[in-house]
Amino acid sequence: MEHPAYELLLRTAQYLGADVKRFARIPEEGFRVIRANRGGHDAAHQAIVAHNLHNPSSALTDESTLRRVAQIGGSVKARVLVGEVYLESVFEQKTCSAFHFGRRFHHQQQP
């Protein structure tokens, strides 16, 4: 799970007994996901959790990066959960839900 992240999601996973490993989204690098995800993946990972737009930075993750995250997940048979509550806030460029990028993705949208 990314760091920083929406705190309630982190605490819920921990409450449910998940052994949560964190990856940093670094401000000086634009809160990018891939830089944060180099190495450190093993078969014990069941999910990769991130947000697009990132919470709290509002950094947008592009389609090619999301597809690369799916490849990383596939390499360890992990699902990818992308919280997209704020995705509709993107006006400057065309974007679509990670849900459309393949079955590796699960997504969380506003009810």
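Provided above is the structure to which this section pertains.
Reading the values: the criteria
Residues numbered from 1 in each chain as written. Predicted model: local features only at pLDDT ≥ 70, side-chain atom pairs only at ≥ 80, totals over all residues. Heavy atoms only, no water. Pairing = 2+ DSSP bridges. Helix = DSSP H or I, 4+ residues; strand = E, 2+ residues; numbered from the N terminus. Right-handed = clockwise from strand over helix to strand, strands pointing away. Salt bridge = Lys/Arg side-chain N within 4 Å of Asp/Glu carboxyl O. Buried < 20%, exposed > 50% of the residue type's maximum accessible area, 1.4 Å probe, protein only. Arc of directions from axis to C-beta.

As paired elements, strand 3 (residues 47–51) and strand 4 (residues 79–83) share five bridges and run parallel to each other. Its bridge partner being in strand 4, I48 is matched across the sheet by V80. The parallel pair strand 3 and strand 4, bridged by helix 2 (residues 63–75), forms a crossover whose chirality is right-handed.

Glancing now at the pattern of salt bridges. Per the counting criterion, the structure on display carries four salt bridges. A salt bridge links R11 to E7; its shortest N-O distance comes to 2.7 Å. Here the residue R11 and the residue E7 both occupy positions in helix 1 (residues 7–15), the gap between them amounting to four residues, near one helical turn.

Before going further, it helps to spend a moment on the environment of E88. Structurally, the position occupied by E88 is in the loop between strand 4 and strand 5 (105–108). Given the relative accessible area of 70%, E88 is considered exposed. As a C-alpha pair, E88 and L53 span 35 residues in sequence and 9.0 Å in three-dimensional space.

The next thing to look at is the environment of V76. Checked against the element boundaries, V76 lands in the loop between helix 2 and strand 4. For V76, a relative accessible area of 11% translates into the label buried. The sequence separation of V76 and Q46 amounts to 30 residues, and the corresponding C-alpha distance is 7.9 Å.

Our next topic: helix 1. Inspection of helix 1 places L9, L10 and A13 among the buried residues, and these make up the whole buried set. End-on, the buried residues of helix 1 take up no more than an arc of 100 degrees, which puts them together on one face. Turned more than 90 degrees away from the buried face of helix 1 sit L8 and Y15, all of them exposed.

Between H3 and the following residue, P4, the backbone shows a cis peptide bond with an omega angle of 5 degrees. If you trace the backbone, P4 turns up in the loop between strand 1 (2–3) and helix 1. Note the cis peptide between N52 and L53, where omega equals 5 degrees. Secondary-structure assignment places L53 in the loop between strand 3 and helix 2. The phi angle at K77 is positive, at roughly 55 degrees, despite the residue not being glycine.

It is worth stressing that arrangement in space is one thing and function is another; only the former is reported here.
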